[in-house]
Number of protein chains: 2
Amino acid sequence: MLSQNEIKLINSLKIKKYRKKYLEFIAEGDKIIKELIDEGMEVVHIFAINDNFIHQKCRIISESDLNKITALQHHHNSFAVFKIPIIDVSINSNEWSLVLDDIQDPGNMGTIIRTCDWFGIKQIFCSDGCVDAYNPKVVQASMASVGRVNVIETDIEQLFMEHDLPVYGAVLNGENYRVQSYEQKGFILIGNEGHGIRESLHAKINFPITIPKNGKAESLNAGIATALILDKLA
Amino acid sequence: MLSQNEIKLINSLKIKKYRKKYLEFIAEGDKIIKELIDEGMEVVHIFAINDNFIHQKCRIISESDLNKITALQHHHNSFAVFKIPIIDVSINSNEWSLVLDDIQDPGNMGTIIRTCDWFGIKQIFCSDGCVDAYNPKVVQASMASVGRVNVIETDIEQLFMEHDLPVYGAVLNGENYRVQSYEQKGFILIGNEGHGIRESLHAKINFPITIPKNGKAESLNAGIATALILDKLA
């Protein structure tokens with residue numbers, strides 16, 4: 001059984017402020033929890049409603065207790081609290097990095113992290129207006145990829161100033177991204193879902209690129225745009 | 001002010017059964033509502049909390065009334081009920097069609113519809129296990145593209161039997177989708193988020209295709225996979 005204190009503490013991890021305070025985050029479901037453990041994430045608690053999950057820290061709890069802590073509409077069989085890892089925030093300048101300007105939708109952010117993991121992009125730089133990578137919805141949508149990709153909150157303008165790497169920005173009136181030639185490393189900059197890339201960053205873009213459309217949709221989802229561009233680098 | 005009956009009726013449209021009964025669906029926010037009107041969708045009601053929305057059917061309601069009907073966590077300024085259009089369910093055999101086998105996540109479905117609209121794909125065939133295209137979350141994620149792309153619920157096996165068109169299926173061990181050559185028309189088949197394409201459909205696939213990975217993620221989001229493949233046809 002979970003104590004009231006445990007329930008309160010765990011639920012506080014749904015809020016960024018408390019994730020930063022306790023340096024812990026939650027993940028749900030056997031598959032994601034096992035992958036995060038395999039990636040070396042430090043387990044604080046695992047709770048399960050049956051004995052399928054074999055781990056020394058796993059405690060069996062009731063479904064009613066699980067309902068008190070799940071962040072999902074329909075809970076899975078297991079729930080875990082992990083330590084937020086201390087990651088290397090320095091940039092590997094020999095690789096591509098993704099840079100996100102105020103990506104706010106947790107589903108988009110999780111999908112973007114998962115897509116980076118698929119394409120072998122290991123570092124994502126986020127403006128402070130981005131949804132936090134350890135938000136429960138981001139963790140779930142990332143399908144545990146948040147354990148394999150470094151997501152670093154930073155000042156983007158400063159990042160571009162400090163590193164002499166080409167910036168490819170997804171904009172509305174750039175070069176066709178299929179025709180554009182790409183260097184061996186650099187930054188791919190993706191803007192906010194509604195407003196695109198903020199005005200002050202436009203001057204930093206060396207190669208404005210655009211995904212041409214054949215149909216009528218006004219814009220593409222930010223995760224889709226990211227995937228199409230990363231595919232070109234692959 | 002909304003009557004109790006109106007509130008009840010509108011809320012029932014969040015459930016597929018009642019959407020089928022009344023042949024109505026809901027959409028929220030000025031931008032999406034205006035685009036749906038522009039696409040010729042028939043308006044049943046528009047409700048707004050201010051007079052920004054100019055339309056003869058628009059009624060001003062209180063924020064508290066809007067809170068009683070919104071399907072969103074944070075309501076927009078306007079809310080509409082539209083008639084579900086009667087669409088042409090026959091297939092245009094001279095074009096590409098997307099075929100979805102049990103896509104269940106509304107965000108994925110909406111993003112896929114929006115992506116089809118971007119790439120000029122005008123028809124999507126869905127198995128009956130797919131989330132309904134007029135689900136409120138699908139409508140919002142589609143960004144009104146549901147008004148421009150025909151989404152048709154059908155028996156997929158029968159669809160493939162009745163049409164002599166090549167079927168390209170996204171599987172785990174197919175030809176590299178970048179190397180694959182594509183005909184001028186046919187079906188692109190995308191499977192369920194968790195289980196992929198159902199076993200009984202595998203025999204119908206003429207060209208199994210795969211998106212190669214450089215990283216470690218076990219799979220790609222279904223919307224992302226769809227976009228990458230549609231991009232190859234563009």
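Each chain carries its own residue numbering, running from 1 in the written order of its sequence. The lettering of chains begins at A and the numbering of ligands begins at 1, in the order of writing. It should be noted that, the model being predicted, local features are given only for residues of pLDDT at least 70 and side-chain atom pairs only at 80 or more, the latter also being counted only at that level, while totals for whole chains, interfaces and linings use all residues. Hydrogens and water molecules were not included; the side-chain quantities draw on all heavy atoms of the structure.

A.B. asks: Is there a simple way to explain the domain arrangement of chain A in this structure?
C.D. replies: Many authors give the size of an interface as the accessible area that is lost as the parts come together. Residue and element names in this part refer to chain A. Taken as a whole, chain A is organised into domain 1 (4-83) and domain 2 (96-233). Distance from the C-alpha centre of domain 1 to the C-alpha centre of domain 2: 29 Å. Any two residues whose heavy atoms approach within 4.5 Å at even a single point are treated as in contact. Listed as interface residues are 16 residues of domain 1 and, on the opposing side, 13 residues of domain 2. Once two parts are joined, some of their accessible surface, as seen by a 1.4 Å probe, is lost; buried area is that loss totalled over both. Interface area, domain 1 with domain 2, both sides summed: about 1,300 Å², of which 59% is carbon and sulfur. When the area that domain 1 buries against domain 2 is broken down by residue, the three leading residues are Arg-19, Ile-32 and Glu-39, summing to 34%. Here a salt bridge means any side-chain nitrogen of Lys or Arg lying within 4 Å of a carboxyl oxygen belonging to Asp or Glu. If you look at where domain 1 meets domain 2, you find five salt bridges. What qualifies as a polar contact is a pair of N or O atoms within 3.5 Å, subject to a donor-acceptor requirement within protein and to the restriction that residues adjacent in sequence count only when both atoms come from side chains. The tally of links between domain 1 and domain 2 comes to five residue pairs in polar contact (both at pLDDT 80 or more). Only runs of H or I of at least four residues qualify as helices and only runs of E of at least two qualify as strands under DSSP, and these elements are numbered from the N terminus. Listing elements by their share of the side of domain 1 that touches domain 2, those giving two or more residues are α2 (16-22), β1 (24-28) and α3 (30-38). Gly counts as polar in this scheme, as do all residues outside two lists: the nonpolar Ala, Val, Leu, Ile, Met, Phe, Trp, Tyr, Cys and Pro, and the charged Asp, Glu, Lys and Arg. Taken together, the residues that form the side of domain 1 that touches domain 2 break down as eight nonpolar, one polar and seven charged. What marks off one domain from the next here is an automatic or database domain assignment.

A.B. asks: So what exactly am I meant to see when it comes to the interface of chain A and chain B here?
C.D. replies: Counting from both sides, the interface comprises 34 residues of chain A and, opposite them, 34 residues of chain B. Between chain A and chain B, roughly 2,900 Å² of surface is buried when both sides are summed, and carbon and sulfur atoms account for 53% of that area. The three residues of chain A that bury the most area against chain B are Arg-114, Trp-118 and Ile-224 of chain A, which together make up 25% of that side's buried surface. Summed over the shared surface of chain A and chain B, the number is six salt bridges. Close ionic contact of Asp-231 of chain B with Arg-178 of chain A constitutes a salt bridge, the shortest N to O distance being 2.7 Å. Of all the secondary structure elements, the ones that give two or more residues to the side of chain A that touches chain B are α3, α5 (106-119) and α9 (222-233) of chain A.

A.B. asks: Hey, could you run me through the relation of the copies chain A and chain B in this one?
C.D. replies: Relating one copy of the chain to the other requires a rotation about an axis plus a shift along that axis. Mapping chain A onto chain B is achieved by rotating through 180 degrees and translating by 0.0 Å along the same axis, at an RMSD of 0.0 Å. The superposition of one copy onto the other is thereby described by a two-fold rotation axis. When the interface residues of chain A are mapped onto chain B, 100% of them again fall at the interface, so both copies present the same face. Least squares is used to superpose the copies, and the fit set is the C-alpha atoms of residues whose pLDDT is at least 70 in both copies.

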